[in-house]
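For reference, the chains in residue letters:
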Amino acid sequence: MRALSLAVALAALAASCRQLPLERQEHEDPYDSGGRLIAEQASYDVLRYELALEVFPEKRAIEGAVTVRARAGAPLSRLVLDLDPRLEARKAEWVTKGGAAPLDLERRGPRLWIRLPGTVQPQEEFSVRVAYGGAPREAPNAPWSGGVVWKTTPEGQPWIATACQGEGADVWWPCKDHVSDKPETMDIRVTVPEPLVAAANGKLAGVETHGDGRRTYHWTVSAPISAYNVALNIAPYRTIEGSLESVAGGSFPVVFYVLPGDYERGRELFPEILEHLRFYEELLGPYPFRADKYGVAQTPHLGMEHQTIIGYGAGFRRDVMTPRGDWGFDRLHHHELSHEWWGNLVTNADWSDMWLHEGFGTYMQALYIEKKQDAARSRDYLAAMRKRIDNRQPVAPPGPLSAKGIYWGDIYFKGAWVLHTLRFLMGDDAFFQALRRMAYPTPDLERAAGGASCRFASTEDFVAIAERCAGRDIGWFFDLYVRQEKLPRLAAERRAGALELRWETPSAMRFPMPIEVRIGDATRRIEMPDGRAAVAVPEGTEPVIDPQAWVLRQGD
Ligand SMILES: [Zn+2]
């Protein structure tokens, strides 16, 4: 499943017209993901990955193979995959129904160049298997600096997890390490020593016991999945199981994999997990992966949005997220769950639009506080986030960008604030409709359970949806708030009997943003179609501008 957004199509076209110098290909950072695709990788669409590997906790090593099924988009004589140079590619094979034949395999820095038996023609499908193994990179500081995390449980048993959003999945398995291409389906087999359990994405198809102290967990993923979302979670887990009645009808399984010593705490958190799911289903539409499961796995790192098996490392504490403090619920779980919609159902085709994952995901916690507590508490939460905004670069800068190229706080906190201000501009009905249509463009898509609703989207797509729901042109709003970094300033002056308001914007950008003013006991919405307004204020009355703090601007 490849992104068809204009930006990515143009990037791929540019790449295929102008081959990057070999030197640049050889020396790209193996621990970064995304950015501009090289022509050879823009020329195929991954249809399916079948990953089978064995994990050796004692040696901190893995050994396995991945079969890639792909469709050529242009004549293809070599298949180029990514794999961290720390891991050895042992062999490559051409796989057909009749069997497997060896292929020439050349390592060039962080990539594997595999010579195909002939030139695969556009639209032809083919399969290549790569056997690989070694000691994968140990995550220096997961999830921010990722790889494989090898820890032990309090009882001294192995506790292993992967987290590789910034680095890409090629830190532990050979793949096309780019966010713009997902397989339609995937198959994952993980062999571990007993009594360890391997929790991964999708549905548990079976557990095979080999009789020699090892067993293999077989997982099937029925929906498109980003490579960085494919995750191993290995520990002597116990499971807490339930199900949720979906707003789409029917129910889906919910499973929490917890360490044995945390079983009781896990049982206490479980009802909250269901409540978070219900909140998102009502706000955004059904849980997208209900054909597989909703899973949460206790991890030795803080957390990650691994599709259908969310990494949960908050340790049952409510104060591990920025802004700090206990806000009355498990924000880490709530945030990571938001990504099942913002990130896994709707995926940025390029990391330059990552605020669609993180800004949207972060605003959901403010909405949850508003719903479960009240609007005043939610405003406190937004005010705490407001302090983290630094306006150093645009929230949605021009792409292509790599995962590390975009990663900084404003895509979270300013992104959330942009949505809050947009809500004021549009009004609740149109705004919440826009959120829902961003998740699921049509009501029909809400009913499809098997991943058919997964899609790539860009900031432009959201602007178009918001404009459709608002029934007017609001491109100026996004130009100011996400396409450049500076905030507008609201100049206010008292003159005889009036309050004069005027928006000051970078490069005099058009900004017809309304604002609320409270005079006495009455709060009025003041429209400013040409960026200015005068409001009558009786002498001796002190007006309060934007008393409910809706509008993100300088100096507040
Ligand atoms: Zn996030």
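Structure's up top.
Per chain, the residues get numbers from 1 upward, laid out in the order the sequence is written. Selection of residues for local features in this predicted model requires a pLDDT of at least 70, selection of side-chain atom pairs for listing and counting requires 80 or more, and totals for whole chains, interfaces and linings are taken over all residues. Each side-chain value is derived from all of the structure's non-hydrogen atoms; neither hydrogens nor water enter the calculation.

Q: Where do I start with the sheet that holds strand β24 (residues 498–504) in this structure?
A: Think of a sheet as strands paired side by side through backbone hydrogen bonds, with each pair either parallel or antiparallel. When DSSP finds two or more bridges between two strands, those strands count as paired. In DSSP terms, a helix is any run of H or I states spanning at least four residues, a strand is any run of E spanning at least two, and both are numbered starting from the N terminus. A sheet is described by the order of its strands in space; here 3 strands give the open sequence β23-β24-β27, paired in antiparallel fashion. Of all the strands in the sheet, the pair left with one neighbour each is β23 (489–495) and β27 (532–536). Strand-to-strand twist across the sheet, computed as the mean angle between neighbouring axes with direction ignored, equals 20°. In the sheet, β24 pairs with β27 via 5 bridges, with the strands oriented antiparallel. Within β27, the residue paired with Arg-502 across the bridge is Arg-532. Geometry is summarised by axes, namely lines fitted to C-alpha atoms with helices restricted to the contacting stretch, and by angles between N-to-C directions that run from 0 to 180 degrees.

Q: What exactly am I supposed to notice about helix α6 (residues 355–372) here?
A: Given 3.6 residues to a turn, an α-helix orients residues that are three or four positions apart in the same direction. Its 18 residues give α6 an end-to-end C-alpha distance of 25 Å, which sits within 8% of 26 Å, the value for a rise of 1.5 Å per residue. Exposure is judged per residue with a 1.4 Å probe applied to protein chains only, and the accessible area is read against the type maximum: over 50% gives exposed, under 20% gives buried, and values in between give partly exposed. Across the 18 residues that make up α6, a large majority, 15, are buried. In this scheme, a helix's expected span is set at 1.5 Å multiplied by one less than its residue total.

Q: Sorry, what's going on with the pairing of strand β26 (residues 522–526) here?
A: The side chains of a regular strand alternate, residue by residue, between the two faces of the sheet. Strand direction decides the pairing type here: strand β25 (residues 515–519) and β26, joined by 5 bridges, are antiparallel. For Glu-516, the partnering residue across the bridge sits in β26 and is Arg-525. Between β25 and β26, which pair antiparallel one after the other, the connecting turn spans 2 residues, and Gly-520 there sits at a positive phi close to 65°.

Q: I tried to follow the environment of Arg-331 on my own but got confused; where do I start?
A: If you trace the backbone, Arg-331 turns up in helix α5 (residues 331–338). When its relative accessible area of 1% is taken as the criterion, Arg-331 is described as buried. Measuring from C-alpha to C-alpha, the distance between Arg-331 and Met-364 comes to 9.9 Å, with 33 residues separating the pair along the chain. Note on definitions: a residue-residue contact is assigned when non-hydrogen atoms from the two residues lie within 4.5 Å. Residue contacts for Arg-331: discarding those within four places in its chain leaves Arg-318, Asp-319, Met-321, Thr-322, Pro-323, Arg-324, Gly-325, Gln-365 and Tyr-381. Among the polar contacts made by the side chain of Arg-331, one reaches the main-chain carbonyl oxygen of Pro-323 at a distance of 2.7 Å. We define a polar contact as two N or O atoms separated by no more than 3.5 Å, with the added condition that, inside protein, one atom must be a possible hydrogen donor and the other a possible acceptor, whereas residues neighbouring each other in sequence contribute only through side-chain atom pairs.

Q: What's the story with the sheet that holds strand β9 (residues 147–152) in this structure? I'm lost.
A: Pairing is antiparallel across the open sheet formed by 4 strands, whose spatial order is β9-β10-β15-β12. The outermost strands of the open sheet, each flanked by one partner alone, are β9 and β12 (197–199). Geometrically, the sheet is characterised by an average inter-axis angle of 15° between neighbouring strands, direction not taken into account. For β9 and strand β10 (residues 158–163), the ladder comprises 6 bridges, and the chain directions are antiparallel. What sits directly across from Thr-152, in β10, is Pro-158.

Q: Explanation requested: the coordination of the zinc ion in the structure shown.
A: Put simply, the ideal angle at a metal is 109.5 degrees for four donors in tetrahedral geometry and 90 or 180 degrees for six donors in octahedral geometry. Distances define the donors: N, O and S atoms within 2.8 Å of the metal qualify, as do those within 3.2 Å of Na, K or Ca. Water is excluded, so some sites may look unfinished. Bound to the zinc ion on the protein side are His-335 (NE2), His-339 (NE2) and Glu-358 (OE), at distances that span 2.0 to 2.1 Å. When the donor residues of the zinc ion are listed from N- to C-terminus, their spacing reads H-x3-H-x18-E. With His-335 in helix α5 and Glu-358 in helix α6, this residue pair connects regions lying 23 residues apart in the sequence. The residues His-335 and Glu-358 share a single accessibility class, namely buried.

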